[in-house]
Each structure stands twice: as C-alpha cells, then as structure tokens.
2 protein chains.
Amino acid sequence: MIPESLAKLIAEFRKLPAVGLKTATRYAYAVLEMSDSDAEEFVSAITEAKEKIKICPLCGDYTDGEVCERCMTADKSVICVVGEPKDIQAIEKIGTYNGLYHALHGSLDFRKGIGADNIRIKELMSRLDGVKEVILATNPDIGGEMTANYIAGLIKPTGIKVTRLAHGIPMGSEIEYADEMTLGKALSDRKEM
Amino acid sequence: MIPESLAKLIAEFRKLPAVGLKTATRYAYAVLEMSDSDAEEFVSAITEAKEKIKICPLCGDYTDGEVCERCMTADKSVICVVGEPKDIQAIEKIGTYNGLYHALHGSLDFRKGIGADNIRIKELMSRLDGVKEVILATNPDIGGEMTANYIAGLIKPTGIKVTRLAHGIPMGSEIEYADEMTLGKALSDRKEM
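Residues numbered from 1 in each chain as written. Chains lettered and ligands numbered in written order. Predicted model: local features only at pLDDT ≥ 70, side-chain atom pairs only at ≥ 80, totals over all residues. Heavy atoms only, no water.

### Focus on the overall build of chain A
Here is step 1 of the chain: Helix and strand counts for chain A come out as eight helices and seven strands.
Here is step 2 of the chain: Oriented by its inertia axes, the alpha-carbon framework of chain A measures out at about 65 × 35 × 35 Å.
Here is step 3 of the chain: The long-range share in chain A, meaning contacts at least 24 apart out of those at least 6 apart in sequence, stands at 56%.
Here is step 4 of the chain: When the accessible surface of chain A is split by element, carbon and sulfur atoms take 52% of a total near 9,400 Å².
Here is step 5 of the chain: Of the charged side chains in chain A, 24 are positive and 30 negative, and the gap between their average positions amounts to 6 Å. (Helix = DSSP H or I, 4+ residues; strand = E, 2+ residues; numbered from the N terminus. Contact = heavy atoms within 4.5 Å. Areas by Shrake-Rupley, 256 points an atom, 1.4 Å probe, with all protein chains shown as cover. Lys, Arg positive; Asp, Glu negative; His and termini not counted. Charge placed at Lys NZ, Arg CZ, Asp CG, Glu CD.)

### Description of the relation of the copies chain A and chain B
Here is step 1 of the chain: Superposing chain A onto chain B takes a rotation of 180° plus a shift of 0.0 Å along the axis, which leaves an RMSD of 0.0 Å. Considering both components of the superposition, the chain copies are consistent with a two-fold axis. Residues of chain A ranked by C-alpha distance from the rotation axis are headed by Val43 of chain A, positioned 2.9 Å from it.
Here is step 2 of the chain: With an isologous cut-off of 70% or more, the 100% of interface residues of chain A that recur at the interface of chain B puts this contact in the isologous class. (Least-squares fit on C-alpha atoms with pLDDT ≥ 70 in both.)

### As for the domain arrangement of chain A
Here is step 1 of the chain: Its domain assignment divides chain A into domain 1 (4–52) and domain 2 (58–164).
Here is step 2 of the chain: A separation of 33 Å is found between the C-alpha centroids of domain 1 of chain A and domain 2 of chain A. (Domains from an automatic or database assignment.)

### Some points on a nonpolar patch on the surface
Residue and element names in this part refer to chain A.
Here is step 1 of the chain: A cluster of nonpolar side chains, Leu58, Val67 and Met72, forms an exposed patch at the surface whose accessible area comes to about 250 Å².
Here is step 2 of the chain: Within the secondary structure layout, Met72 lies in helix α4 (residues 69–73).
Here is step 3 of the chain: Overall, the relative accessible area of 54% leaves Met72 in the exposed class. (Patch = residues over 30% accessible without salt bridge, like charges linked within 9 Å, V, L, I, M, F, W, Y side chains within 5 Å. Salt bridge = Lys/Arg side-chain N within 4 Å of Asp/Glu carboxyl O. Buried < 20%, exposed > 50% of the residue type's maximum accessible area, 1.4 Å probe, protein only.)

### Some points on the confidence of the model for chain A
Predicted coordinates in areas of low pLDDT are best not read in detail.
Residue and element names in this part refer to chain A.
Here is step 1 of the chain: With 96% of its residues at a pLDDT of 70 or more, chain A shows a mean pLDDT of 90.
Here is step 2 of the chain: Highest mean pLDDT in chain A belongs to helix α6 (residues 121–125) (97); lowest belongs to strand β7 (residues 191–192) (65).
Here is step 3 of the chain: The ipTM assigned to the predicted complex is 0.78, against a pTM of 0.78. (pLDDT = per-residue confidence, 0-100.)

### A closer look at the environment of Asn98 of chain B
Residues and elements named next belong to chain B.
Here is step 1 of the chain: Position of Asn98 among the secondary structure elements: in the loop between α5 (85–92) and β4 (99–103).
Here is step 2 of the chain: On the accessibility criterion, Asn98 (57% relative accessible area) is exposed.
Here is step 3 of the chain: In this structure, the C-alpha to C-alpha distance between Asn98 and Ser77, residues 21 residues apart in sequence, is 9.9 Å.
Here is step 4 of the chain: Contact partners of Asn98, with chain neighbours within four places excluded, come to Ala74 and Asp75.

### A short note on helix α7 (residues 142–155) of chain B
Each α-helix turn comprises 3.6 residues. Residues three or four places apart therefore point the same way.
Residues and elements named next belong to chain B.
Here is step 1 of the chain: Between its first and last C-alpha atoms α7 spans 20 Å; for 14 residues at 1.5 Å apiece the expected length is 20 Å, and the two agree.
Here is step 2 of the chain: Looking only at α7, the buried set comprises Gly143, Gly144, Thr147, Ala148, Ile151, Ala152 and Ile155. The buried side chains of α7 occupy one side of the element, clustering within an arc of 165° when seen end-on.
Here is step 3 of the chain: Buried residues belonging to α7 abut β3 (75–82), α6 (121–125), β5 (133–136) and β6 (161–164). (Expected span 1.5 Å × (residues − 1). Arc of directions from axis to C-beta.)

### Structural notes on the packing of helix α3 (residues 36–52) of chain A against helix α1 (residues 4–13) of chain B
Here is step 1 of the chain: Between α3 of chain A and α1 of chain B, whose axes approach to 9 Å, the crossing angle comes to 145°. Between α3 of chain A and α1 of chain B lies a crossing whose hand is left-handed. Each of Asp38, Glu41, Phe42, Ser44, Ala45, Ile46, Ala49 and Lys52 of chain A in α3 of chain A lies in contact with α1 of chain B, whose residues at this interface are Ser5, Lys8, Leu9, Glu12 and Phe13 of chain B.
Here is step 2 of the chain: Across the contact of α3 of chain A with α1 of chain B, the residue classes tally to six nonpolar, two polar and five charged. (Axes fitted to C-alpha atoms, helices over the stretch in contact; angles between N-to-C directions. Left-handed = near helix turned anticlockwise from the far one by under 90°. Nonpolar A, V, L, I, M, F, W, Y, C, P; charged D, E, K, R; others polar.)

### A few points about the side chain of Glu133 of chain B
All names here are of chain B.
Here is step 1 of the chain: Along the polypeptide, Glu133 turns up in strand β5.
Here is step 2 of the chain: Since its relative accessible area comes to 11%, Glu133 is described here as buried.
Here is step 3 of the chain: Not counting residues up to four positions away in its chain, the partners in contact with Glu133 are Ser77, Val78, Ile79, Ile160, Lys161, Thr163 and Arg190.

### Focus on the nonpolar core
Here is step 1 of the chain: Judged by nonpolar contacts, the single largest core of 44 residues is most densely connected at Phe13 and Leu16 of chain A together with Phe13 and Leu16 of chain B.
Here is step 2 of the chain: Contributions of two or more residues to this core are made by α1 (4–13), α2 (21–33) and α3 of chain A together with α1, α2 (21–33) and α3 (36–52) of chain B.
Here is step 3 of the chain: In this structure Leu16 of chain A touches Phe13, Tyr27, Ala30, Val31, Met34 and Phe42 of chain B, once residues within four positions along its chain are discounted. (Core = buried A, V, L, I, M, F, W, Y, C linked by side-chain atoms within 4.5 Å.)

### A word on the side chain of Lys50 of chain B
Here is step 1 of the chain: Checked against the element boundaries, Lys50 of chain B lands in helix α3.
Here is step 2 of the chain: For Lys50 of chain B, a relative accessible area of 15% translates into the label buried.
Here is step 3 of the chain: A distance of 2.5 Å separates a polar atom in the side chain of Lys50 of chain B from the backbone oxygen of Met34 of chain A.
Here is step 4 of the chain: Once you skip the residues sitting within four places of it in the chain, Lys50 of chain B turns out to touch Val31, Leu32, Met34, Ser35, Asp36 and Ala39 of chain A. (Polar contact = N/O pair within 3.5 Å; in protein donor to acceptor, adjacent residues only side chain to side chain.)

### Observations concerning the interface of chain A and chain B
Here is step 1 of the chain: The partner chain B presents 51 residues to the 51 residues of chain A that form the contact.
Here is step 2 of the chain: Note on chain A versus chain B: buried area summed over both sides is about 5,200 Å², and carbon and sulfur give 65% of it.
Here is step 3 of the chain: Area buried by chain A at its contact with chain B is led by Met1, Lys50 and Tyr62 of chain A, which between them contribute 14% of it.
Here is step 4 of the chain: For the interface between chain A and chain B, the tally reads six salt bridges.
Here is step 5 of the chain: For Asp36 of chain A, the salt bridge goes to Lys50 of chain B, with nearest N and O atoms at 4.0 Å.
Here is step 6 of the chain: Of all elements in the fold, only α1, α2, α3, β2 (62–63), α4 and α5 (85–92) of chain A reach the threshold of two or more residues within the side of chain A that touches chain B.
Here is step 7 of the chain: A total of 13 residues in the side of chain A that touches chain B trace back to one element, the largest contributor, which is α3 of chain A.
Here is step 8 of the chain: By residue class, the composition of the side of chain A that touches chain B is 26 nonpolar, seven polar and 18 charged. (Buried area = accessible area lost by both parts, 1.4 Å probe.)

Encoded structure:
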C-alpha cells in the first residue's frame, strides 16, 4: 500500500551505486520528511549540476568553465591517464601531483565492442607535445591493464617515458577507493613500462 | 578544483541519512554519468513525490489520495500507534497485522519543547470510537517510552485495552531497522500496560 509516487522515488534512488531497497526506502522517506524548500534545493542542485558541468575538451575532467583550470595552470611536462573523472579526484587527494590529467572515459573491452576509437585515446595522442612522461593510472583490472598496455605501445615509439602506477594497489579493486597513503606509494614507486 | 555546482550537489547528497563525504561524492559522480533523461526522471520522481504525497488526515501515513486506502479497509477494532510513517512499513512487512495505524509524527521531548500538543495525540484520541485495543509501537528509546506511557495514561481510563510491543526489540535501537522475525515476535508477545 505504498503510494505509487513513493514507490517510483524508491526505484530512482536504487539507481545510485550500491543502494539497495532498504537504503533507497530510507532516502525516499528522508525526502518526504524534508521541507519543500530543502527538496527544491536538492532538485535544483541536480538540475544545475547536469546543466552547468561539461567535459573539459582537453583532459576530459568535469568542469563548469570551457577548458578546466587545471589544464591551464598544471605542469605540462607530465600527463596522468585515468579511466574516469572520479579517479582524478582520488589522485588529487594525495596532494603531491602537479601535472596534467587525461580521463579516457572508459577502458578497452573487446567483448563489449569498446575499442581504441570509443575512449579518448586519440585526444591523448594529440596532447603529447612537450610532454616528457605519461603516467598510466588506469584501474589494475583486466580492462585497465589492457588499456595501459595498448597506450604504452602507442607512446613508447615516440621516445616519451611511459610509467605505470606501482603495485601496492590490490589487483581487482578500484582506484577511486584506495586510501591516500596506498595511492601516494603507488605514485612514487611508478615503474617504467 | 571541483566545479562549484558539483560541490553543491555533493553537499545536497550529504543531507540524506547516514551519507558521508565519500558516499555523497560517489552519488554525485553517478548523477553526472547518468544520461540527461535519466537525471530528469530522477528529478521528476522527487518533485512528483513531494507534490502528490500528502499526510492521511486520519492515520498520518503518507498517501497520494485523500484518506488512505488502509484507513478505509482495515480492521477498525485495533489501532497500532507508531512514531513515524516509515515505522508503518516496517510493521506491514510482518504480514499478519490487519488493523489501523496511527503515526504520531514525533515523540514527546520536553527539553526540545515537544509536548502532547505538538504530536498527533489529539487526533488519536478522536479515533477511539469502536476501538477495542490500542497497540503502542513507539520506539523503545526514552522519547518513545515516555510517549507510550503518556498515551497509556490517557486511554486506560476509557476501558480500552492498551498494549505495548513485547521486548525482543533491543533497547536504544529503532523499529525501522528491526528484522521481520524480531518485529513479528514483539507484536505477538505484546503486553497489556
């Protein structure tokens, strides 16, 4: 006997990552208990984020300007290549990396038909002017390893140094969830490919 | 260097119950990764739920009609009194209770100035015609116990049987999170006050 629009709200919350029925129900009731103005703020934060936040045409991170600030101010001799924009935030938290980033928005997966043209590899290749090192920080899973090897194969012939985050990150996990110390160690121990 | 509108979205997700910075950030990125139409559906589910869902003037549960369906079809000889509408769903899950409910929308808290007039006690007293038993299912914490004792004191002089959910629910916890078996036991073992 749950009202239909409440059931729909619960279903929408279940689309968020790792949210099951119990958590989604809890969030939905929390929304019903909010004041109308709090609920409007919540809704407008979502709408505004979707409207204002774009993909930086250079690095692929989220930005609310045109080219993102980091692409303009960072040390342009090194590029750190990640799978998704959220991985950039994880590496930023270490606080010691000052170079450029490049988010691929995906990883190679031939079973799903995701090849080199479906992720931002061409865009990466066009940014290598003046770059002395490319750090490959894709996830240490099958897709991430394959992507790193593929990119290393493209870049090494150009003479640019190609490194990979050091082991220290457990295989099969995701960069987004590594703690700062593990991730910092992986960055300082990076190995040439 | 997180875009302002992304930071705001993260802050809004942190207002949901038990959501910290890491979880809120994860939800915000998930929203950015959604298609525009999925994000619109999410937003309209919130807006629609806030617009359509009202409080049933009889039992205080959420409903998208006028008087809720349960108030019209339930066994009217017994009322189960709970703190919040979400507690009704927890008891409904047992699957064996067929009576009316009454959500107080709060519990007595004299330090916070919440007295008998600030929760739906008057509304409960006006629903006792034909009722043979009032089951007090407020939370087993200080406020819930105080509220149950206060209501028992009002109703017992009328000769109506007043019961309280049996112990079995750990003290200091919340009814919303009890598993169906514990809650079912507490319902069948309810004790007269």
